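# Report on the structure
Next come the chains, spelled out residue by residue.
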Amino acid sequence: MDIWKYISPADKHLSYKGIKINNHVHTPWSFSSFDSIDELVLQAKKENISVLGINDFNTMAGYSEFAEKCISNNIFPLFNIELIGLSREDMKKGLKVNDPGNPGRTYISGKGLAYPAKISAHNRARLEEIREKSNLHIRQMSEKVNGLLQEIDKSLSVDFDDMLANYTLGMVRERHLAAMIRRVIAKKYTSGTERDRVFARLLGDDYKSEGDRDSASLENIIRSKLLKAGGKAFVEEDPAIFIDPVEIRNLILDAGGIPTYPFLADFKSGEYTDFEHDREEAAIKLIDRGFYSVEFIPVRNDFKRFRDYALFLHRHGFIVSFGTEHNVPGSAPLEVQAGGGAKLDDDLLNINLEAAAILAAHQYRVYKEGEGYLDSKGKPKIEEKMEYIELGKKLIGSVVGTRHKAQG
């Protein structure tokens, strides 16, 4: 779909007070809380989300459907991607970046990628290689799972090829496998008592009755007990799955996007990773590594700690955006909130709007002119920042239309 024939700067400003923006959601092209892009977008419309950003792992394959569904529902689409890198240098130092369990491992997003998607043949092949290696890793874990299942019941097994063909859109992740384990046991054992017996044998003595939880929480337990490090079906990932963060940055720039660092922030009782605990030092290192954009998934953070970090980074010139991920089973609102359901205040809403506007204008300029907010070296055009914010607001307004009428 050529969305750009439907998008042009609106003639007049609309009011953006309280506008709802979610710049990080996963779709079934990686793993999603939603069964389809259509379900995701309809939920966003129901919640009055005006700007929505697709953010799948290792793929841009969902862009076309996402664009079409968003535009037809008066939602402005942002085109993002997420990859997992591995800094060998940080790993050797034992430095934890934004993965609290694995030194050197670094989640990186690309924001505002070109649409229609464009990427060099080399980097397209690189993404395909990453997806293939990721699928192989889950296949190996599936084989270990089958060994465990057949110790309990010779007829129980997980069919990886069936899972790949019928329960994914080409990329299998741990969460798909956890869901398949739950399904095959539930299909064979229709009695709750029998299912409890099987799950207790599979997951250990601390397993509690299936009736005490929903399927989403059960899948999380399966993933934690079997598939994570220390679990009986865990398989160490091939380091080749994780490319160097420098290569990821270059790949994102090649795809027309803005390299973005996802802050984990206070992931557990105020605890921070080695890289993030000193926010001033983290900001310096990010700029040194060529990252001028950051994002948060605030629902996993304490409101005050998240707010302090977000405002600090915004004051230091970073693009700062927020999202919800929605890459776990179960339902949760698409409206961005901090931990405990804390609502974003006006400062945070304005920061998120500013980021969305810059990214919207960046996408538009890349389409129209071949270059957006970043110059040919990947550095931001700080002197043009306000121009991008104003252009982005007008572009968003042209799609959202009368959903945000001018006030006063």
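What you are looking at is a predicted structure, and each value in this text was computed from that prediction instead of being measured.

A few words now on the environment of alanine 216. Positionally, alanine 216 belongs in helix α8 (residues 215-227). Among the residues examined, alanine 216 registers a relative accessible area of 11% and is labelled buried. The spatial distance from the C-alpha of alanine 216 to the C-alpha of serine 331 is 8.9 Å, given a sequence separation of 115 residues. The contacts of alanine 216, once residues within four sequence positions are left out, are Pro329 and Gly330.

Attention shifts here to the packing of aromatic side chains. This structure, assessed with the given rule, holds 16 aromatic pairs. Here tryptophan 4 and tyrosine 367 contribute two aromatic rings whose centre-to-centre distance is 5.4 Å and whose plane-to-plane angle is 20°, an arrangement assigned as stacked. Pair noted here: tryptophan 4 is in the segment before β1 (20-25) and tyrosine 367 is in helix α12 (residues 346-369), with a separation of 363 residues, a long-range link. We classify tyrosine 367 as partly exposed; its relative accessible area is 37%. Summarising the aromatic geometry, the rings of phenylalanine 263 and phenylalanine 296 are spaced 5.3 Å apart at their centres and angled 15° between planes, so their arrangement reads as stacked. Taken together, the residues span a long stretch of sequence, with phenylalanine 263 in strand β6 (residues 258-263) and phenylalanine 296 in strand β7 (residues 293-296) at a distance of 33 residues. Put simply, the rings of Tyr261, Phe263, Tyr272, Phe275, Phe296, Phe306, Tyr309 and Phe322 touch in pairs and so form one group of aromatic residues. Against the face of phenylalanine 57 rests arginine 173, its NZ or CZ located 4.1 Å from the ring centre. Between the NZ or CZ atom of arginine 365 and the centre of the ring of tyrosine 388, over which it lies, the distance is 5.0 Å.

Moving on: the pattern of salt bridges. Charged atoms that come close allow side chains of opposite charge to pair. Tallying each qualifying case throughout the model produces 27 salt bridges. Salt-bridge contacts for glutamate 65 lead to lysine 69; the nearest nitrogen and oxygen are separated by 3.2 Å. Of this pair, glutamate 65 and lysine 69 both sit in helix α2 (residues 63-72), 4 residues apart, roughly one helical turn. Residue glutamate 65 is classed as partly exposed on the basis of its relative accessible area of 33%. The salt bridge partner of arginine 139 is aspartate 161, with a shortest N-O separation of 2.8 Å.

What follows is about the side chain of asparagine 80. Mapped onto the elements of the fold, asparagine 80 is located in the loop between β3 (76-79) and β4 (81-86). The class for asparagine 80 is buried, based on a relative accessible area of 0%. Side chain to side chain, asparagine 80 and asparagine 55 meet in a polar contact 3.3 Å long. Filtering out sequence-adjacent residues up to four positions away, asparagine 80 remains in contact with Asn23, Gly53, Ile54, Asn55, Asp56, Tyr63, Gly110, Lys111, Gly112 and Leu113.

Quick look at the pairing of β7 now. Within a regular beta strand, the side chains point alternately toward one face of the sheet and then the other, so they alternate between its two faces. Alternating positions in β7 separate into two faces, Ser293 and Glu295 on one and Val294 and Phe296 on the other, with burial throughout. Across 4 bridges, β6 lies against β7 in parallel orientation. Along β7, the bridge assignment pairs threonine 260 with serine 293. The handedness of the β6 to β7 crossover, carried by helix α10 (residues 279-288), is right-handed.

By the alternation rule, side chains of β3 split into Phe76 and Leu78 and Pro77 and Phe79, which are all buried. For strand β2 (residues 49-54) and β3, the ladder comprises 4 bridges, and the chain directions are parallel. The residue bridging valine 51 from the neighbouring strand is phenylalanine 76, located in β3. Traced from β2 through α2 to β3, the parallel crossover comes out right-handed.

Time to look at α10. Taken as a whole, α10 has its buried residues at Ala282, Ala283 and Leu286. Down the axis of α10, the smallest arc covering the buried residues is 100°, so these residues share one side. Facing away from the buried side of α10 by over 90 degrees, the exposed positions are Ile284 and Asp288. The opening residue of α10, the one whose side-chain oxygen lies 3.1 Å from the backbone nitrogen of glutamate 280, is aspartate 278. Backbone geometry just after α10 places glycine 290 at a positive phi near 85°.

Strand order in this open sheet of 5 strands is β4-β5-β6-β7-β8, and the pairing throughout is mixed. Edge positions in the open sheet fall to β4 and β8 (319-322), since each of these has one partner strand only. Strand-to-strand, the axes of this sheet are offset by a mean angle of 35°, without reference to chain direction. Along the sheet face, helix α9 (residues 245-254) touches β4, β5 (105-111) and β6 and points at about 10° away from the line of β5.

What counts and what doesn't
Position numbers for residues count from 1 along each chain, tracking the sequence in the order it is written. With pLDDT at 70 or above as the cut-off, local features in this predicted model cover only qualifying residues; side-chain atom pairs require 80 or more to be listed or tallied, and sums for whole chains, interfaces and linings still use all residues. The side-chain quantities take in all heavy atoms of the structure and omit both hydrogens and water. Helix and strand labels come from DSSP, where a helix needs a run of H or I of at least four residues and a strand needs a run of E of at least two; each type is numbered from the N terminus. Exposure categories follow from relative accessible area, calculated using a 1.4 Å probe and restricted to protein chains: below 20% of the type maximum is buried, above 50% is exposed, and the middle band is partly exposed. It only takes one pair of heavy atoms within 4.5 Å for two residues to be counted as in contact. Stacked, tilted and edge-to-face pairs are distinguished by plane angle, under 30 degrees for stacked and over 60 for edge-to-face with tilted covering the rest, among Phe, Tyr and Trp rings (Trp via its six-membered ring) whose centres lie within 6.5 Å. Cation placement over rings: the criterion is NZ of Lys or CZ of Arg within 6 Å of the ring centroid and within 35° of the ring normal. By convention in these notes, a salt bridge is any Lys or Arg side-chain nitrogen within 4 Å of a carboxyl oxygen on Asp or Glu. Pairs of N or O atoms within 3.5 Å make up the polar contacts considered here, provided that, within protein, one atom can donate a hydrogen while the other can accept it, and that residues adjacent in sequence are counted only when both atoms are side-chain atoms. Any two strands are treated as partners once DSSP identifies two or more bridges connecting them. When the strands point away from the viewer, a crossover counts as right-handed if the path from the first strand over the helix to the second runs clockwise. The arc in question is the one traced by the directions running from the helix axis out to the C-beta atoms. Only C-alpha atoms enter the line fits that serve as axes; for helices the fit covers just the stretch in contact. Angles between N-to-C directions range over 0 to 180 degrees.

Honestly, that's just the spatial picture; any functional story needs more than this.
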